[in-house]
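Structural overview
Each chain, letter by letter, is given below.
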Amino acid sequence: MSTETPLLLVLDLVGTFTFALNGALTALRAERLDIVGVVTLGMFTGLGGGTIRDVLLDALPPATFVDWHYLALAAAGGLVAFVVGARLDRLNLAITVFDAVGLSVFAVLGAYKALDLGFGVVQAVIVGTITAVGGGTIRDVMIGRIPVVLRSELYAIPALMGAGCAAALYSFGYHGTLAALGAAAVCFVIRMVGVRFDLHAPQPPGQRDRA
Amino acid sequence: MSTETPLLLVLDLVGTFTFALNGALTALRAERLDIVGVVTLGMFTGLGGGTIRDVLLDALPPATFVDWHYLALAAAGGLVAFVVGARLDRLNLAITVFDAVGLSVFAVLGAYKALDLGFGVVQAVIVGTITAVGGGTIRDVMIGRIPVVLRSELYAIPALMGAGCAAALYSFGYHGTLAALGAAAVCFVIRMVGVRFDLHAPQPPGQRDRA
Amino acid sequence: MSTETPLLLVLDLVGTFTFALNGALTALRAERLDIVGVVTLGMFTGLGGGTIRDVLLDALPPATFVDWHYLALAAAGGLVAFVVGARLDRLNLAITVFDAVGLSVFAVLGAYKALDLGFGVVQAVIVGTITAVGGGTIRDVMIGRIPVVLRSELYAIPALMGAGCAAALYSFGYHGTLAALGAAAVCFVIRMVGVRFDLHAPQPPGQRDRA
């Protein structure tokens, strides 16, 4: 499996922790929750995308569930958010950067897993994107928010681009650490440029006038 | 597989496209979304029912995901809704009719798939109904609406009737194109009669007074 | 399978019916629904936890779906709630007690199923808890409420304790009816003490001031 290189594995674990931390913080700010809610929503954010990925790829039981490293890191991210929640506000930039790292790594590794299992390029791009944005989407639905990814910002589109680059490189035979990092960098750069310049995906024609 | 006749396959693809188109239009009218949201919700509406079906039937990876025709048609339905959204208002009747076609075909083919895989009649009826109404339900939950199918109209009941007729005919040995079309027609007619005369499923006793 | 003893099987079926009844009543009070909505949400509450369990454990098709006893009892619970809804108010205590029975049995049997299938203790505890609280969570999300389990009360924590005791006893070789009843009793007692004294899971530090 191309995903087994140590560097990518570490980034995958970092992504899981950061997604859980960030997901729990977001939930904490939006809604009145108890410790069960904060930790649960953190775990859903960190593990949800990979779980949907493994359902779609018929790779059950989900890797995110079988491997206790993922469970532990996701729970730890949620617990950290619960304990030091408000005080993490000054780390907003760091959290945004790590979240973008998670987004990039999940998109690329999701696409790789699909291709490793023999799925086509289209399926790999879809699964990569879902791996990257699925967890946050589940969290938003559970706290009754329209998922951010459906409304604004550049969040799914960088993931789609990263998964697309990964799948394209893979189908030309490049799926080592370097190719993975290159594809992840595409996602990361688009995401951070989007954050920096407050870019948004296109709205439906005429929508702006109605709001 | 009984679902492989060309006519049923074409109707299944038509249903996927129409569900996606209609689902994306509904989402577009209810909420402020960007292109990612409109296309995603269209794809969920078109593909969601079949995906739940294949989870319940242990037929993963889902047919809706493996076969790119479904992915492409669902994405196309969402994109058409995004681009020409407002202008489709004058086609409301046509969209309602095609949506009823999708409902009918999904209910019958969902039931057939369960029976083909050796499940019982009860399971087939449930799976047929879920295939037909599942996509729209997911869409509504994602945009924070109580799913229409749980509140009013005749939508799940025609699907249940269609799936029931299909399963009954199948268990008597009739599962050719003609039997499928007959069962689908039962669903279609009940649905259209419900739309025409604004019929609703029964409310709980005493509920009317409280509202 | 350790879950096959007649007493546990009966309790599992009782839990399914009570969860469906209680879930449908909760939905009925919160939202304007028709018969499809009440019965559907009852069935989701009664069967949802077990379905997620079987997805995570790669035990598809879900036992809750294949075995018509579960389907019938869940549908019956929803129908009873629909028909006699308001008049069940005076049975609130009985319903709370039976709901706690369901919670306890689902937590223990969920953990057992994971261990029977060779999963680890951590996975068993998580799956037991999800089996117990998953159905009600899905119902709440579908009617647009933040799931109670994420916000307040002691509901997930007793389930976690019960599943934890079951998994601990199991790993020491005790997994007969007696051990199961003991672990279930732990969950049941904590839940009922929580109801009686209105206990809640801890809130995030500083959260109280903001509300």
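Quick caveat: nothing in here was measured; it's all calculated off a predicted structure.

Each helix and strand in chain A was counted, giving 10 helices and 0 strands. Whereas a compact globule of 211 residues would reach a radius of gyration of roughly 17 Å, chain A reaches 17 Å, a difference of no more than 12%. The principal-axis extent of the C-alpha atoms belonging to chain A is close to 50 × 45 × 30 Å. Relative to its 211 residues, chain A shows a buried fraction of 55%. Within chain A, counting contacts between residues at least 6 apart in sequence, those at least 24 apart form 78% of the total. Roughly 8,500 Å² of accessible area belongs to chain A as shown, and the carbon and sulfur atoms make up 69% of that amount. Taken as two groups, the 13 positive and 14 negative side-chain charges of chain A have centres that lie 9 Å from each other.

Another aspect to go through is the relation of the copies chain A and chain B. Between chain A and chain B, which share one sequence, the superposing operator has a rotation angle of 120° and an axial displacement of 0.0 Å; the RMSD is 0.0 Å. What we have between these two chains is a three-fold relation. Scanning chain A for the C-alpha nearest the rotation axis identifies Gly144(A), at a separation of 3.5 Å. Here only 10% of the contact residues of chain A are again contact residues in chain B; the copies associate through non-equivalent surfaces.

Moving on, we come to the relation of the copies chain B and chain C. Superposition of chain B onto chain C requires a rotation of 120° combined with a translation of 0.0 Å along the rotation axis, giving an RMSD of 0.0 Å. The share of interface residues of chain B whose copies in chain C are also at the interface is only 10%, consistent with the copies meeting through different surfaces.

A few words on the confidence of the model for chain A. On average, chain A scores 90 in pLDDT, and the residues at 70 or more come to 95%. Listed scores for the predicted complex are pTM 0.92 and ipTM 0.89.

A separate point is the packing of helix H5 (residues 92-116) of chain B against helix H9 (residues 177-196) of chain B. Residue and element names in this part refer to chain B. For the pair H5 and H9, the least separation of the axes is 8 Å and the interaxial angle reads 140°. Regarding the angle of H5 to H9, the classification is oblique. Crossing of H5 over H9 shows right-handed handedness. Where H5 abuts H9, its residues Thr96, Val97, Ala100, Val101, Leu103, Ser104, Val108 and Tyr112 lie against Ala179, Ala180, Ala183, Ala184, Cys187, Phe188, Arg191, Met192 and Val195. Here the residues of the contact of H5 with H9 are counted per class, giving 14 nonpolar, 2 polar and 1 charged.

Bringing helix H2 (residues 35-56) of chain A into the picture now. Think of an α-helix as turning once every 3.6 residues; residues three or four places apart then point the same way. Residues and elements named next belong to chain A. Between its first and last C-alpha, H2 extends 31 Å over 22 residues, near the 32 Å set by a 1.5 Å rise per residue. The sharpest bend along H2 comes to roughly 50°, located at leucine 47. Within H2, 17 of the 22 residues are buried, which leaves it mostly tucked inside the rest of the structure. Two or three places before valine 36, at the opening of H2, aspartate 34 has a side-chain oxygen 3.0 Å from that residue's backbone nitrogen. Taken from the residues just after H2, aspartate 58 is the one with a positive phi, measuring 55°.

Right, let's get into the interface of chain A and chain B. Interface size, as often reported, equals the accessible area lost upon joining of the parts. Contacts between the two partners involve 31 residues from chain A, matched on the other side by 28 residues from chain B. Buried surface at the junction of chain A and chain B, both sides included, amounts to about 2,300 Å², of which 69% is carbon and sulfur. The largest share of the area that chain A buries against chain B comes from Gln123(A), Ile146(A) and Leu150(A), three residues that together contribute 25% of it. Here chain A and chain B share 4 residue pairs in polar contact (both at pLDDT 80 or more) between them. For the side of chain A that touches chain B, the secondary structure elements donating two or more residues are H2, helix H6 (121-142), helix H7 (148-151), helix H8 (156-171) and helix H10 (207-210) of chain A. The residue makeup of the side of chain A that touches chain B, split by class, is 20 nonpolar, 5 polar and 6 charged.

Here we come to the side chain of Asp140(C). Residue and element names in this part refer to chain C. Here aspartate 140 shows up in helix H6 (residues 121-142). Within the structure, the side chain of aspartate 140 is placed 3.0 Å from the side chain of arginine 139, a separation counted as a polar contact. Aspartate 140 has contacts with Arg145, Ile146, Pro147 and Val148, leaving out every residue within four places of it along the chain.

With that settled, the discussion passes to the interface of chain B and chain C. Listed per partner, the contact involves 31 residues of chain B and 28 residues of chain C. Carbon and sulfur atoms make up 69% of the area that chain B and chain C hide from each other, which totals about 2,200 Å². Summed over the three residues of chain B that lose the most area to chain C, namely Gln123(B), Ile146(B) and Leu150(B), the buried surface amounts to 25% of that side. At the surface where chain B touches chain C, the tally comes to 0 salt bridges.

Within the structure shown, the criterion is met by 3 cavities of 30 Å³ or more. Lining the largest cavity are 15 residues, and of these Val141(A), Gly144(A), Val141(B), Val141(C) and Gly144(C) sit closest to its centre. Of all the secondary structure elements, the ones that give two or more residues to the lining of the largest cavity are H6 of chain A, helix H6 (121-142) of chain B together with H6 of chain C. Considering each element in turn, the lining of the largest cavity owes the most residues, 3 residues, to H6(C). Considered class by class, the residues forming the lining of the largest cavity number 8 nonpolar, 3 polar and 4 charged.

The end-to-end C-alpha distance of H5(B), which contains 25 residues, comes to 36 Å, matching closely the 36 Å that a straight helix rising 1.5 Å per residue would cover. Of the residues one or two after H5(B), Gly118(B) is the one with positive phi, at around 95°.

Turning our attention to the side chain of Thr16(C). Residue and element names in this part refer to chain C. Mapped onto the elements of the fold, threonine 16 is located in helix H1 (residues 6-30). Residue classification places threonine 16 among the buried positions, given a relative accessible area of 1%. Every residue in contact with threonine 16, bar those within four places of it in the chain, is listed here: Gly46, Leu47, Tyr70, Ala74 and Phe106.

In this section: the packing of aromatic side chains. Counted under the stated rule, the structure contains 9 aromatic pairs over all chains. Look at Phe19(B) and Phe106(B): their rings are 4.8 Å apart centre to centre, the planes differ by 50°, and that puts the pair in the tilted class. Separated by 87 residues along the polypeptide, Phe19(B) in helix H1 (residues 6-30) and Phe106(B) in helix H5 bring together distant segments of the chain. Across this residue pair, the class does not change: Phe19(B) and Phe106(B) are buried. For Arg196(A), the ring lying beneath its charged end belongs to Phe197(A), and the centroid distance is 5.1 Å.

A few words on a nonpolar patch on the surface. Nonpolar side chains collect at one region of the surface, where Val189(A), Val193(A), Phe197(A) and Leu199(A) lie side by side and expose about 350 Å² of accessible area between them. In this structure, Phe197(A) sits in the loop between helix H9 (177-196) and H10.

The subject of this paragraph is unusual backbone geometry. Residue and element names in this part refer to chain A. In this structure, proline 61 follows leucine 60 across a cis peptide bond, with omega equal to -10°. Structurally, proline 61 is set in the loop between H2 and helix H3 (63-66). A positive phi is found at aspartate 58, a non-glycine position, where the angle reads about 55°. The residue aspartate 58 is located in the loop between H2 and H3 in this model. Classification of aspartate 58 by relative accessible area gives partly exposed; the value is 39%. One non-glycine residue, aspartate 198, lies in positive phi territory at about 55°.

About the cut-offs
- Residues numbered from 1 in each chain as written.
- Chains lettered and ligands numbered in written order.
- Predicted model: local features only at pLDDT ≥ 70, side-chain atom pairs only at ≥ 80, totals over all residues.
- Heavy atoms only, no water.
- Helix = DSSP H or I, 4+ residues; strand = E, 2+ residues; numbered from the N terminus.
- Rg over C-alpha atoms; globule rule 2.2 N^0.38 Å.
- Buried < 20%, exposed > 50% of the residue type's maximum accessible area, 1.4 Å probe, protein only.
- Contact = heavy atoms within 4.5 Å.
- Areas by Shrake-Rupley, 256 points an atom, 1.4 Å probe, with all protein chains shown as cover.
- Lys, Arg positive; Asp, Glu negative; His and termini not counted.
- Charge placed at Lys NZ, Arg CZ, Asp CG, Glu CD.
- Least-squares fit on C-alpha atoms with pLDDT ≥ 70 in both.
- pLDDT = per-residue confidence, 0-100.
- Axes fitted to C-alpha atoms, helices over the stretch in contact; angles between N-to-C directions.
- Parallel < 35°, antiparallel > 145°, perpendicular 65-115°, else oblique.
- Left-handed = near helix turned anticlockwise from the far one by under 90°.
- Nonpolar A, V, L, I, M, F, W, Y, C, P; charged D, E, K, R; others polar.
- Expected span 1.5 Å × (residues − 1).
- Bend = angle between axes of the 7 residues up to and from the residue.
- Polar contact = N/O pair within 3.5 Å; in protein donor to acceptor, adjacent residues only side chain to side chain.
- Buried area = accessible area lost by both parts, 1.4 Å probe.
- Salt bridge = Lys/Arg side-chain N within 4 Å of Asp/Glu carboxyl O.
- 1 Å grid on protein atoms, 1.4 Å probe; cavity = no way out; pocket = protein on both sides within 12 Å on 5 of 7 lines; lining within 4 Å.
- Points joined across faces, edges and corners; volume = space filled by probe spheres on them.
- Phe/Tyr/Trp six-rings, centres within 6.5 Å; stacked < 30°, edge-to-face > 60°.
- Lys NZ or Arg CZ within 6 Å of the ring centre and 35° of its normal.
- Patch = residues over 30% accessible without salt bridge, like charges linked within 9 Å, V, L, I, M, F, W, Y side chains within 5 Å.

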